[in-house]
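# Structural overview for review
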Amino acid sequence: MRSIWRTLDRGPLRDIALVCLAVGVIGVSYGAVSVTAGFPWWFPVLMGALVLAASSEFLFVGIIAAGGSPIAALLAGLLVNARHLPFGLAVPDVLGRGWRRLVGTHLMNDETVVFAIAQDGLPRKRAAYWACGLGILAIWPVGAALGALLGSVVQDTGALGLDAMFPAVIVALILPALKERALRRTALAGCALALAAVAFLPAGLPVLVALGALPLFVLLSARQGGSAGSDDPAAVSDPSDPSDPSEPSEPSQQSQPSESSEGAVR
C-alpha cells in the first residue's frame, strides 16, 4: 500500500476515491434491491465479495426476481462478463505473476482497467489498478450489507434514486476527455447504439453493443492525423530556406581578389 501512495499523484487517488464512493452507493442499492426481491441479507454480500461484478449481479438478481431460472441468470451474467476477455488482453503486465495474478484477475472490472490504462508507465498502471481494485473489493460488499439492512426497512428503494450516483460520477470523470472531437463523436455514437439496444436487450448487454462504435474512433483518429500532416507548415518547403534542395545555393559572400592578383595589377 505504501508503494501505491508513493507512486500515484493526488489527482488519480482522488478520482479513484470518488469512483469507489460511487460504487459503494450502488452497492447499497444492490443490497436493498436484492432483499426486497426476496433474497436473504447475506446473499448480496456474498455475491459482492465472490463475483465482484455489479452489472452481472444486478442482472442475476433481476432475472431470478422476475421468475427466470438460475441457469438463465447464470448464462446472462457470463455473457455480460465476457467483456473481461479484452480487459485481460489490455492489462497483462499489470496483473503480476503467481498468486498476485489470481487476485488481480479477481479485481478486474471496468473501473480498474480504465484507471490502469490511463496512467503512464507500468508502475503507475499497477498502482492505479490495485488501488482501485482493492478499494472496490472493500466497499462493494460493505455497501451491499448496508443496502440489505436498508431494504429490510424501506420497501420502495427505487424512490431513493441511489442508482443515479454511479453514472453521475462516471460522467463527471470523462467530461474532460470529451474535448477531443474524435472521442466525443465516438462516445455519442456508442450512446446511440446503447439506447437503441435498450428496447430489446436485457440490462447490461446494451453496454456491450456500445463497443461497436470503437471502429469509428479509429477511423476519425486516422483521418484527423492525415489532415494534420497535410496542414503542417513544416512539411511545406520554404523558398527562402537555403537548405531547400530545389533551389540553387547562392554563395554566402562575393569572391574577393587575392593579394597576389592585386599586386600584379599594381
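Here the structure is a predicted model, which is why all the values come from computation and not from measurement. (Residues numbered from 1 in each chain as written. Predicted model: local features only at pLDDT ≥ 70, side-chain atom pairs only at ≥ 80, totals over all residues. Heavy atoms only, no water.)

### Some thoughts on the confidence of the model for the chain
What counts is decided by this rule: Residue-level confidence of the predictor is summarised by pLDDT, bounded by 0 at the bottom and 100 at the top. Helix numbering and strand numbering both begin at the N terminus, where a helix is a DSSP run of H or I of at least 4 residues and a strand a DSSP run of E of at least 2. Working rule for contacts: check all heavy atoms of both residues, and any pair within 4.5 Å makes them a contact.
Considering every residue of the chain, the mean pLDDT works out to 78; 75% of them sit at 70 or more. Taken element by element, the predicted model of the chain shows its lowest mean pLDDT in helix H14 (residues 259-265) (43) and its highest in helix H3 (residues 42-50) (93). Counted against residues more than four places away or in other chains, residues 242-255, with its pLDDT under 50, gives 3 contacts. Confidence over residues 257-266 falls short of pLDDT 50; this stretch has 1 contact with residues more than four positions distant or in other chains.

### Remarks on a nonpolar patch on the surface
Note the following rule: Patch membership is restricted to residues that have no salt bridge and whose relative accessible area is over 30%. Joining uses 9 Å for like charges and 5 Å for the nonpolar side chains Val, Leu, Ile, Met, Phe, Trp and Tyr. Accessible surface area values rest on a Shrake-Rupley calculation with a 1.4 Å probe, where residue burial reflects the displayed protein chains alone. One side-chain nitrogen of Lys or Arg within 4 Å of one carboxyl oxygen of Asp or Glu is enough to make a salt bridge.
Together, Trp-41, Trp-42, Leu-46, Leu-50 and Val-51 make up a nonpolar patch on the protein surface, roughly 550 Å² of accessible area in all. Along the chain, Leu-50 falls in helix H3.

### Observations concerning the packing of helix H2 (residues 10-36) against helix H4 (residues 54-65)
Packed helices, taken two at a time, are described by the angle between their axes plus the distance between the axes. Selection criterion: Angles run from 0 to 180 degrees between N-to-C directions of axes, and those axes are lines fitted to C-alpha atoms, restricted for helices to the stretch in contact. Note that the term roughly parallel is reserved for angles under 35 degrees, roughly antiparallel for angles over 145, roughly perpendicular for angles of 65 to 115, and oblique for everything else. In a left-handed crossing the near helix is turned counterclockwise from the far helix by less than a right angle, and in a right-handed crossing that turn is clockwise. Gly is placed with the polar residues, together with every amino acid not listed as nonpolar (Ala, Val, Leu, Ile, Met, Phe, Trp, Tyr, Cys and Pro) or charged (Asp, Glu, Lys and Arg).
Between H2 and H4, the least distance of the axes is 10 Å, while the angle of their chain directions is 15°. With respect to H4, the axis of H2 lies roughly parallel. Where H2 crosses over H4, the handedness of that crossing is left-handed. Seen from H2, the contacting residues are Ile-26, Ser-29, Tyr-30 and Ser-34; seen from H4, they are Glu-57, Phe-58 and Val-61. A class-by-class count of the residues in the contact of H2 with H4 yields 4 nonpolar, 2 polar and 1 charged.

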